[in-house]
Amino acid sequence: MRNSSPLLRSGLTVAAAAALPLALTAPTAAAQSGISVSTSGNTVSVTTSACSQTNSAGSWGTASLLTSSQANFAQGRQVALSGTATQQSAAWSGVSPGTYTVIVQCAFNNQTAGTQSVVVSAAATPTVSATASPSRGVMGGLGGAAEDYGTLTLAAGGGLLVVGAGATVWFLRRRAKPYRL
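Structural notes, computed from the coordinates. (Residues numbered from 1 in each chain as written. Predicted model: local features only at pLDDT ≥ 70, side-chain atom pairs only at ≥ 80, totals over all residues. Heavy atoms only, no water.)

Taken together, 4 strands build an open sheet; the order of strands is 4-3-7-8 and the sheet is antiparallel. Of all strands in the sheet, those bounded by a partner on one side alone are strand 4 (77–80) and strand 8 (112–120). Sheet twist, expressed as the mean angle between neighbouring strand axes with direction ignored, is 20°. Strand direction decides the pairing type here: strand 3 (residues 61–66) and strand 4, joined by 4 bridges, are antiparallel. Directly across from Thr62, in strand 4, lies its bridge partner Ala80. (Pairing = 2+ DSSP bridges. Helix = DSSP H or I, 4+ residues; strand = E, 2+ residues; numbered from the N terminus. Axes fitted to C-alpha atoms, helices over the stretch in contact; angles between N-to-C directions.)

Written out as structure tokens, the structure is:
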């Protein structure tokens, strides 16, 4: 005995049919940007394969790094793309922390290959300083043994030494005797 409603079955079919076009277009929407932006410390880099032809001057294109206060491509820090017909890239170093927009423009047809936002976070850079090397080689020493300990500390250490030696002798003598019931 089935109690499923025909309306419920048809509603599920309609929902699946409506979601199918969205599922098919989702990967193309993500790939539509055409560029891939990454950060490493204070360096921002962009790669693309959209600028596969050069212009008459042999340039692949230009990438621009815009701050939040800059409105168009020309106002940003521009770097020429380098690479091959299959992949082009550009990088900016010394970028201070903040949110930026990367825009890539191909030189052949002056079309925008893509736009993507990137966040550069503040990273602590290690400070390296040189120290002078010893002029006479390694300087050996007594380490912690140069401290003058009191009588109580020396007596307690000597007592522990005597107890340890006595326990070792007792254990070894007991082992040497034959097993008794």
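Moving on from the coordinates now.
This part is about the state of the cysteines. Taken as a whole and assessed by the stated rule, the structure comprises 1 disulfide. One disulfide bridge connects Cys51 with Cys106, the sulfur atoms lying 2.0 Å from each other. Between Cys51 and Cys106 the disulfide shows an S-S torsion of about -85°. By sign, it is left-handed. Of this pair, Cys51 sits in the loop between strand 2 (43–48) and strand 3 while Cys106 is found in strand 7 (residues 98–106), placing the two residues 55 residues apart along the sequence. In terms of burial, Cys51 and Cys106 fall into one category: buried. (Disulfide = S-S within 2.5 Å. Buried < 20%, exposed > 50% of the residue type's maximum accessible area, 1.4 Å probe, protein only.)

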